[in-house]
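Overview (structure and organization)
Residue strings, one per chain:
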Amino acid sequence: MSLPLAGLKVLAFEQYGAGPFGSQYLSDLGAEVIKIEPAGTDGDYLRALGPYFIDEEKNSASSIFFQALNRNKKSITLNILSNEGKEILGKLVKESDAVCNNLRGDVPEKLGITFDQLKQYNKKIVAAHCSAYGREGSRKNWPGYDYLMQAEAGYFSLTGEPDAPPARFGLSIVDYMAGLTMAFSLVSGVLSARSSGIGRDIDVSLFDTAMFNQSYVAAWALNSDYKPERLDRSAHPVLVPCQLYKTADGWIYLMCNKESFWPTLCKYIEREELGKDERFLNFKLRQENRDLITEILDKELSKKKTSEWLEIFAGNVPAAPILDVKSSLENKFVKERNNVQTIKTKNDKKISLLKTPIRFDAEDHVDKTAPELGEHNNEVFSSLGYSEKDIKLLKNKGIICLFLLENQYI
């Protein structure tokens, strides 16, 4: 079977996290994603970002940070602000389904990559934009990044222990969610364009995504007197028990988010009477007695190690160990799920990366490592009808030239 998005062609003007993360979902599912990087530069800033590189290789794709976000893509270099560059871009757009970017809100129009500017080449083209604060409004020319969004969208106020300073989420979750939202909106736009024959602009912003992720917490705050607060041990605001509890050798996280799990938990810790205790009969009562439940569960769970409780609870009480990143990757269940893969670079170096979480059948599919800067210049420009002589001339003019580490153009 072919990959789910085989036949989808996307031109990507992207850098750093949100855009590359989103478009990698597309490339992992079979879309042809062509990164268009500015000619005469070092390309995507991630290419040079450390501190870890593949066996200390000295090429434009050796950054492991870059590799984690740009698998299965192609790369070309192009000066789209030049007349000849615009002409080449037009030819690319003519045979593509979508153009995506994660640039500052006022930049796409300056580069000529909005729907109104591209529809002359392809009326079905979809232009998917993922900016910091949107392409309209007072902040359209503001730079913006994940942690800023977390701070302003209330995440810091919800994260961490009550008496500690406000804290950010441990990962760049807004970047990842915004990138995925952009990818989803792009595919949705292409489906519409294939049906109607007309493309469109589709806008996603980090700020809007960060706000939307508040979900039911925002709904509570908008429609009641609810005031979000940080609770001890990463507890859920209303569901009890749902937090960290002490064990003989550390911690365990329990998440009894259905009424039936409370008596089940009581059974497995050999305290069945607690499941019938009038103080703990429902979520409301357990919330009112949260501190008492914490005291009781700490005492009972401290009788065994975390690993022992996980074996006892398995499939019956929702529970998880507290692992660091390295330990999480070495988890037996990760191996069972085959979440980690090893890919060989073009220089026959091995790199381990996480697989896409979307599972599908595909015959003989092998993921490819991220492309070097301009690696697919000849392939892509030849497909547009440019001869070797034409490509050499474009390089000499600086329209598609590369910029090497030793600052020499080719």
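Residues numbered from 1 in each chain as written. Predicted model: local features only at pLDDT ≥ 70, side-chain atom pairs only at ≥ 80, totals over all residues. Heavy atoms only, no water.

The next thing to look at is the sheet that holds strand E5 (residues 126–131). Ordered in space as E3-E2-E1-E4-E5-E6, the six strands form an open sheet in which the pairing is parallel. Two strands close off the open sheet at either side, each with one partner strand: strand E3 (74–77) and strand E6 (200–205). Taken over all neighbouring pairs, the strand axes of this sheet differ in orientation by 20 degrees on average, direction set aside. One ladder, built from four bridges, connects strand E2 (residues 32–37) with E3; its direction is parallel. Bridged to Ile36 within E3 is Ile76. Sheet strands in contact with helix H1 (residues 18–28) are strand E1 (9–13), E2, strand E4 (98–101) and E5, and its direction is about 150 degrees off that of E2. Strands in contact with helix H3 (residues 83–94) are E1, E2, E3 and E4; relative to E1, the strand with the most contacts, it is inclined by about 140 degrees. (Pairing = 2+ DSSP bridges. Helix = DSSP H or I, 4+ residues; strand = E, 2+ residues; numbered from the N terminus. Axes fitted to C-alpha atoms, helices over the stretch in contact; angles between N-to-C directions. Contact = heavy atoms within 4.5 Å.)

A few words now on a nonpolar patch on the surface. A surface patch of nonpolar side chains, amounting to about 620 Å² of accessible area, comprises Tyr16, Tyr45, Leu49, Phe65, Tyr145 and Leu148. Checked against the element boundaries, Phe65 lands in helix H2 (residues 64–67). Judged by relative accessible area, Phe65 falls into the partly exposed class, the value being 41%. (Patch = residues over 30% accessible without salt bridge, like charges linked within 9 Å, V, L, I, M, F, W, Y side chains within 5 Å. Areas by Shrake-Rupley, 256 points an atom, 1.4 Å probe, with all protein chains shown as cover. Salt bridge = Lys/Arg side-chain N within 4 Å of Asp/Glu carboxyl O. Buried < 20%, exposed > 50% of the residue type's maximum accessible area, 1.4 Å probe, protein only.)

Turning to the pattern of salt bridges, a few remarks are in order. Counted by the stated rule, this structure contains 27 salt bridges. The salt bridge partner of Arg71 is Asp28, with a shortest N-O separation of 2.6 Å. Taken together, the residues span a long stretch of sequence, with Arg71 in the loop between H2 and E3 and Asp28 in helix H1 at a distance of 43 residues. Each of the two residues, Arg71 as well as Asp28, counts as buried. Notably, a salt bridge pairs Lys119 with Asp116, separated by 3.4 Å at the nearest N-O pair. Classification of Lys119 by relative accessible area gives partly exposed; the value is 39%.

One can find Asn289 in the loop between helix H12 (283–288) and helix H13 (290–301). Sequence separation of Asn289 and Tyr16 is 273 residues, and the distance between their C-alpha atoms is 46 Å. In contact with Asn289, other than residues within four places in its own chain, are Arg279 and Phe280. Looking at Asn289, its side chain comes within polar contact range of the main-chain oxygen of Leu285, at 2.9 Å. (Polar contact = N/O pair within 3.5 Å; in protein donor to acceptor, adjacent residues only side chain to side chain.)

Now for the layout of surface pockets. The computed volume of the second largest pocket comes to approximately 720 Å³. Going through the elements one at a time, helix H7 (155–158) and helix H10 (215–223) are the ones with two or more residues in the lining of the second largest pocket. The dominant element in the lining of the second largest pocket, judged by the number of residues it contributes, is H10, at three residues. Here the residues of the lining of the second largest pocket are counted per class, giving 10 nonpolar, eight polar and three charged. (1 Å grid on protein atoms, 1.4 Å probe; cavity = no way out; pocket = protein on both sides within 12 Å on 5 of 7 lines; lining within 4 Å. Points joined across faces, edges and corners; volume = space filled by probe spheres on them. Nonpolar A, V, L, I, M, F, W, Y, C, P; charged D, E, K, R; others polar.)

Two elements in contact, H1 and helix H8 (residues 173–196), have axes separated by 7 Å at closest approach and are oriented at 45 degrees. The angle between H1 and H8 falls in the class oblique. Remark: the crossing between H1 and H8 carries right-handed chirality. The segment H1 lies against H8, with Ala18, Gly19, Phe21, Gly22, Ser23, Tyr25 and Leu26 engaging Asp175, Tyr176, Gly179, Leu180, Met182, Ala183, Leu186 and Val187. Partitioning the contact of H1 with H8 into residue classes produces 10 nonpolar, four polar and one charged. (Parallel < 35°, antiparallel > 145°, perpendicular 65-115°, else oblique. Left-handed = near helix turned anticlockwise from the far one by under 90°.)

Our next topic: the pairing of E1. E1 sits mainly inside the fold: five of its five residues count as buried. Here E1 shows a buried face lined by Lys9, Leu11 and Phe13 and a second buried face lined by Val10 and Ala12. Strand direction decides the pairing type here: E1 and E2, joined by four bridges, are parallel. Looking at E2, one finds that Val10 is bridged to Val33. Remark: the E1/H1/E2 crossover connection has right-handed handedness. In terms of strand pairing, E1 meets E4 through four bridges, oriented parallel. Paired with Leu11 across the two strands is Val99, which belongs to E4. (Right-handed = clockwise from strand over helix to strand, strands pointing away.)

Right, let's talk about H3 for a bit. The first and last C-alpha atoms of H3 sit 17 Å apart over 12 residues, in line with the 16 Å expected at 1.5 Å per residue. Buried within H3 are the following residues: Gly85, Ile88, Leu89, Gly90, Leu92 and Val93. (Expected span 1.5 Å × (residues − 1).)

This paragraph deals with the confidence of the model for the chain. Per-residue confidence for the chain averages 94 on the pLDDT scale, and 98% of its residues sit at or above 70. Taken as a whole, residues 404–410 scores under 50 in pLDDT and shows 11 contacts with residues more than four places along the chain or in a different chain. (pLDDT = per-residue confidence, 0-100.)

What follows concerns the environment of Lys91. By the element assignment, Lys91 lies in helix H3. A C-alpha to C-alpha distance of 39 Å links Lys91 and Leu171, two positions 80 residues apart in sequence. At a separation of 3.3 Å, a polar atom in the side chain of Lys91 contacts the side chain of Tyr386.

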